[in-house]
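Commentary on secondary and tertiary structure
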Amino acid sequence: SAANIFVVLKNGEIVTPCLKRGTILPGVTRDSIVKLIHEYGKDDILIDAMKESTGNSDISSVTITERDVCVGEFDNATEAFVTGTAAEVVPIAKLATGTQDEDSYSVEFEHGKNLPGGPITSKLLELLREIMTGKLASPAFDGWTRDPYTSP
């Protein structure tokens, strides 16, 4: 199945490929995570998680950038995760080309080895689920859920 990737960089930036090329699935869960980061990026909820993930106490905000992601950036990442409708938010433990030739590439993420993932991955999953269950409300998320017993 298809999934969207997010890379948590050591500088406090979260990167995901942009949709402009038309090669990335414009997933609902991807869009939800992007909106969550925009909404809570200046809030201690995400800032504290980013500080824990990166070990960088100077981080004052968490940003999301939609742009091309280079393979080498994974070496400067503390976490990586994918999103999908059924999967929600899933940490990545290892990323590899699968070949052992001179062009092979492999990187492991310590935070991806245990569920629900690193501090950022698990915090975003928690926030997503809180909105889905109505425990967290914000005008930015109006219309995400509705009462199934009322008519539209």
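Here, every reference points to the structure presented above.
The notes below deal with the structure included here.

Criteria and thresholds
Residues numbered from 1 in each chain as written. Predicted model: local features only at pLDDT ≥ 70, side-chain atom pairs only at ≥ 80, totals over all residues. Heavy atoms only, no water. Buried < 20%, exposed > 50% of the residue type's maximum accessible area, 1.4 Å probe, protein only. Helix = DSSP H or I, 4+ residues; strand = E, 2+ residues; numbered from the N terminus. Pairing = 2+ DSSP bridges. Expected span 1.5 Å × (residues − 1). Salt bridge = Lys/Arg side-chain N within 4 Å of Asp/Glu carboxyl O. Contact = heavy atoms within 4.5 Å. Axes fitted to C-alpha atoms, helices over the stretch in contact; angles between N-to-C directions. Parallel < 35°, antiparallel > 145°, perpendicular 65-115°, else oblique. Nonpolar A, V, L, I, M, F, W, Y, C, P; charged D, E, K, R; others polar.

Attention now goes to the pairing of strand β4 (residues 77-84). In terms of burial, β4 is a largely internal element, seven of the eight residues being buried. Bridge count between strand β1 (residues 4-9) and β4: six bridges; the pairing is antiparallel. Looking at β4, one finds that I5 is bridged to V82. Where β4 and strand β5 (residues 88-91) come together, four bridges link them in antiparallel fashion. The residue bridging T83 from the neighbouring strand is V89, located in β5. Taken together, β4 and the strand that follows it, β5, pair antiparallel across an intervening segment of three residues.

Glancing now at helix α1 (residues 28-40). With 13 residues, α1 extends 18 Å from end C-alpha to end C-alpha; this agrees with the ideal 18 Å at 1.5 Å per step. Those residues of α1 that sit buried are T29, R30, S32, I33, V34, L36, I37 and Y40.

Taken as a whole and assessed by the stated rule, the structure comprises nine salt bridges. For the salt bridge of R30 with E66, the shortest nitrogen-to-oxygen distance reads 2.7 Å. In this pair, R30 is assigned in helix α1 and E66 in strand β3 (residues 63-66), connecting sequence segments 36 residues apart. Classification of R30 by relative accessible area gives buried; the value is 3%. The exposure class assigned to E66 is partly exposed, which follows from its relative accessible area of 39%. In this structure, K123 and E126 form a salt bridge, with 3.4 Å as the shortest nitrogen-oxygen distance. Residue K123 and its partner E126 are both found in helix α3 (residues 119-132); the two are separated by three residues, about one turn of the helix.

Following the sequence through the fold, E13 ends up in strand β2 (residues 13-16). Overall, the relative accessible area of 13% leaves E13 in the buried class. Ignoring sequence-local partners within four residues, the contact set of E13 consists of V7, V8, M50, T63, T65 and R67.

As a further point, take the packing of helix α2 (residues 44-54) against α3. When two helices pack together, their arrangement is captured by the angle between the axes and the distance separating the axes. With their axes 8 Å apart at the nearest point, α2 and α3 run at an angle of 155° to one another. When the axes of α2 and α3 are compared, the pair comes out roughly antiparallel. Taking contact as the criterion, the partners of I45, L46, A49, M50, E52 and S53 in α2 are, on α3, P119, I120, K123, L124 and L127. Here the contact of α2 with α3 is built from residues that sort into eight nonpolar, one polar and two charged.

Shape is all these values report; function is a separate question.
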